[in-house]
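This is what each chain is made of:
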Amino acid sequence: GRGDSATPVLRPRLILPDRKLSLDEQREVTLGSGADCQVPLSGMFVARLHARIVAQKDGQYRLVHVAGLAGTRVNGAKISEHVLKHGDEIEIAKQKILFRLER
């Protein structure tokens, strides 16, 4: 039938130390020390809402630093905003989260 040779759909995921979090059903994912954050982070300099990952209209995902003295890094560089690419390593207060596109 049609679509047999279609490119496999790659789904965006956050790889956390203890689990994977799929982004494709979510318009926004929150990261921080607040109890309601989807990605819980600990540390003195982590804000209750530290960063958020927001789905863009073009299907990409933008990481936005919201607050917190720890800062938000991607691949070792401090960012205020960053469009995530496959293999990006997000680091907040020594806690590392990978952004991957997986089948």
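The following paragraphs examine the structure supplied in this document. The residue numbering used here restarts from 1 in each chain and proceeds along that chain's sequence as written. The predicted origin of the model limits local features to residues at a pLDDT of at least 70 and limits the giving and counting of side-chain atom pairs to 80 or more, whereas totals for whole chains, interfaces and linings rest on all residues. Hydrogen atoms and water are omitted, and side-chain values are computed over all heavy atoms in the structure.

## Considerations on the overall build of the protein
So, step 1. The helix and strand labels rest on DSSP assignments: H or I over at least four residues marks a helix, E over at least two residues marks a strand, and numbering proceeds from the N terminus. A tally of helices and strands in the protein yields zero helices and 11 strands.
So, step 2. What you see in the protein, going N to C, is helices and strands ordered as β-β-β-β-β-β-β-β-β-β-β.
So, step 3. Buried, partly exposed and exposed residues are distinguished by accessible area as a fraction of the type maximum, computed with a 1.4 Å probe on protein chains only: under 20%, between the cut-offs, and over 50%, respectively. Taking all 103 residues of the protein together, the buried fraction comes to 38%.
So, step 4. When checking whether two residues touch, look at their non-hydrogen atoms; a contact exists if any pair is within 4.5 Å. Sequence separation of at least 24 residues holds for 32% of the intrachain contacts in the protein that already meet a minimum separation of 6.
So, step 5. What sets the accessible areas is the Shrake-Rupley method with a 1.4 Å probe; for residues, cover comes only from the shown protein chains. Per element, the accessible surface of the protein, about 6,400 Å² overall, is 50% carbon and sulfur.
So, step 6. Charged residues are defined here as Lys and Arg on the positive side and Asp and Glu on the negative side; His and the ends of the chain fall outside this count. In this description, the location of a charge corresponds to atom NZ of lysine, CZ of arginine, CG of aspartate or CD of glutamate. Separation of charge centres in the protein, based on 17 positive and 12 negative side chains, amounts to 2 Å.

## Some points on the packing of aromatic side chains
So, step 1. Each pair of aromatic rings taken from Phe, Tyr and Trp, with Trp reduced to its six-membered ring, is defined by centres within 6.5 Å and is described as stacked if the planes are under 30 degrees apart, edge-to-face if over 60, and tilted in the remaining cases. One pass over the structure, following the stated rule, counts one aromatic pair.
So, step 2. Centroid distance Tyr61 to Phe99: 6.4 Å. Interplanar angle 50°. Geometry classified as tilted. Of this pair, Tyr61 sits in strand S6 (residues 61–65) while Phe99 sits in strand S11 (residues 95–102), and the two are 38 residues apart along the sequence.
So, step 3. A residue is classified by how much of its surface remains accessible, and Phe99, at 2% relative accessible area, is buried.

## Thoughts on the environment of Ser33
So, step 1. Its location among the elements puts Ser33 in the loop between strand S3 (28–32) and strand S4 (39–40).
So, step 2. The contacts of Ser33, once residues within four sequence positions are left out, are Leu41, Val46, Ala47 and Arg48.

## Quick notes on the sheet that holds strand S10 (residues 89–92)
So, step 1. The strand order across the open sheet formed by six strands is S2-S1-S11-S10-S7-S8, and the pairing between neighbours is antiparallel. Looking along the sheet, the strands with just one partner apiece sit at the ends: strand S2 (20–22) and strand S8 (77–78). A pair of strands counts as paired when DSSP detects no fewer than two bridges linking them.

## Points about the pairing of strand S1 (residues 11–15)
So, step 1. For S1, the buried fraction is high: four of the five residues fall into the buried class.
So, step 2. Strand direction decides the pairing type here: S1 and S11, joined by five bridges, are antiparallel. When the bridges of S11 are listed, Arg11 appears paired with Glu102.
So, step 3. With three bridges connecting them, S1 and S2 associate as antiparallel partners. For Arg13, the partnering residue across the bridge sits in S2 and is Ser22.

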